[in-house]
Amino acid sequence: MKKHNFSAGPSILSNEVFDKASKSILNFDGIDLSILEISHRSKEFVNVMSESRRMALHLLDLDESEYTSLFLQGGASLQFLMIAYNFLNSKAGYVDTGSWSTKAMKEAKLFGEVIEIASSKENNFNYIPKDYKIRDDMDYVHITTNNTIYGTQFHKIPESPCPLFSDMSSDIFSRNLNFNEFDLIYAGAQKNIGPAGATLVVLKKEILESICRTVPSMLNYKIHFDKDSMFNTPPVFSVYACMLSLKWLEKKGGIEVVENLNRKKSEILYSEIDSDDVFSGFANVDDRSIMNVTFNLNDEKHKDIFDKMLSENNISGLNGHRSVGGYRASIYNAMDISSVEILIDTIKKFKNYI
Ligand SMILES: *Cc1c(COP(=O)(O)O)cnc(C)c1O
């Protein structure tokens, strides 16, 4: 029996995607060749790439005349430096909400001045800073909409007078935002889109005109755009599986439908955590993420019992990140509510037992 997989990333994908993707490894679309062995310039793969790019914009409800999407490599971590290489001319503002933002800032400092607009570092990033003002003289402002490690999430996107960039690695496609407010969005595929290997970048075409220095080809957004996201060999399998998972999302009813499910899943889990004092949620209640639910056991002496019950109930991937400890249930789009219910039942059984 397949485990209930709460891993933070690489993470769960729908069974439909696993099924179709594995068949295509043997025989892609009835062409008697594997998806892994055909040219990325073949019409079959060119279709996969263009369909993936189109689906991404379509699901985010972004207009193709204004925005474009790219499937690049190097993970979100390469985007940390790529955005700065292309767009940080003098100064950029960052909201520091955790170690991924901190890493993004570190890379950006190689290219210009980084202004920390706000930070929640003094409280081990257990909340999202609010009440700050964003000045209007920066090349861009960068936020991390969902902080995978801490389980915090921006529920209100700050109003920015400067172009707004966001790392949405762990909450893209999970909830409806006004994506038009963003000039650039990036996400490593392996949290909520598909297998590791591809990184989705969505950007306003007009910002390609403001690339501020000579950038090597592989790191230059304009070149990737001009080459239809195929400047070099793309991560073909990852892009293909991303396409399948975007189609699966569309078939389910799109972002609004999964958002409702994601809210429901997170609400029932938080409510179980809050129901007594056996566990405590890690994140500030108002800033809790609907994707990564972080919680700690109040009395660590029961840890072994709880861990044993998790494994007996086929629950996998629940360990918290080492910088937070405790537990983290990542409940991405592909996770069925029935798996969350099994986790909740296990927590209840544990509470009765101790
Ligand atoms: C996982 C993660 C990253 C790092 O992604 P890579 O693709 O491994 O570079 C960056 N930002 C956030 C918010 C993440 O969750």
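Provided above is the structure to which this section pertains.
Residues numbered from 1 in each chain as written. Predicted model: local features only at pLDDT ≥ 70, side-chain atom pairs only at ≥ 80, totals over all residues. Heavy atoms only, no water.

Chemist: Teacher, can you tell me more about the overall build of the protein chain here?
Modeler: Helix and strand content of the protein chain: nine helices and 14 strands. Computed over C-alpha atoms, the radius of gyration of the protein chain comes to 21 Å, within 12% of the 20 Å expected from 2.2 N^0.38 for 354 residues, which places it in the range of a compact globule. Considered along the principal axes of its C-alpha atoms, the protein chain spans approximately 60 × 55 × 30 Å. Counting only residues that meet the buried cut, the protein chain has 57% of its 354 residues in that class. A fraction of 67% describes how many contacts in the protein chain between residues 6 or more apart in sequence connect residues 24 or more apart. Of the roughly 15,200 Å² that the protein chain leaves accessible, carbon and sulfur atoms contribute 49%. Averaged over its 39 positive side-chain charges, the protein chain has a centre that lies 4 Å from the centre of its 47 negative ones. (Helix = DSSP H or I, 4+ residues; strand = E, 2+ residues; numbered from the N terminus. Rg over C-alpha atoms; globule rule 2.2 N^0.38 Å. Buried < 20%, exposed > 50% of the residue type's maximum accessible area, 1.4 Å probe, protein only. Contact = heavy atoms within 4.5 Å. Areas by Shrake-Rupley, 256 points an atom, 1.4 Å probe, with all protein chains shown as cover. Lys, Arg positive; Asp, Glu negative; His and termini not counted. Charge placed at Lys NZ, Arg CZ, Asp CG, Glu CD.)

Chemist: Can you help me understand the pairing of strand β10 (residues 199-204) in this one?
Modeler: Counted residue by residue, β10 has six buried out of six residues, so it is predominantly covered. A two-sided burial pattern is seen for β10, the buried positions comprising Thr 199, Val 201 and Leu 203 on one face and Leu 200, Val 202 and Lys 204 on the other. Where strand β2 (residues 67-72) lies against β10, six bridges are found, and the strand directions are antiparallel. Bridge pairing in β10 places Leu 70 opposite Val 201. (Pairing = 2+ DSSP bridges.)

Chemist: Before we go on, may I ask you to explain the site of the ligand in this structure?
Modeler: What surrounds the ligand is a group of 13 residues, the closest being Ser 77, Thr 148, Asp 167, Gln 190 and Lys 191. Between the ligand and Thr 148, the relevant distance is 2.4 Å, taken from an oxygen atom to a side-chain nitrogen or oxygen of the residue. Between the ligand and the protein, one listed contact pairs an oxygen atom with a side-chain N or O atom of Lys 191 at 2.6 Å. Taken by itself the ligand offers 390 Å² of open surface, and the protein chains cover 88% of this. Here the element with the most residues in the shell around the ligand is helix α3 (residues 75-87); it accounts for four residues. Grouping the constituent residues of the shell around the ligand by class yields three nonpolar, eight polar and two charged. (Near = heavy atom within 4 Å. Polar contact = N/O pair within 3.5 Å; in protein donor to acceptor, adjacent residues only side chain to side chain. Nonpolar A, V, L, I, M, F, W, Y, C, P; charged D, E, K, R; others polar.)

Chemist: For this particular structure, what's the right way to read the pairing of strand β9 (residues 184-188)?
Modeler: Residues in a regular strand project their side chains so that they alternate between the two faces of the sheet. By the criterion of burial, β9 is predominantly enclosed, with five of the five residues buried. Side chains of β9 alternate between two faces, with Leu 184, Tyr 186 and Gly 188 and Ile 185 and Ala 187 buried alike. With three bridges connecting them, strand β8 (residues 164-167) and β9 associate as parallel partners. Across the sheet, residue Asp 167 finds its bridge partner in β9, namely Tyr 186.

Interpretation in functional terms is not warranted from these geometric data alone.
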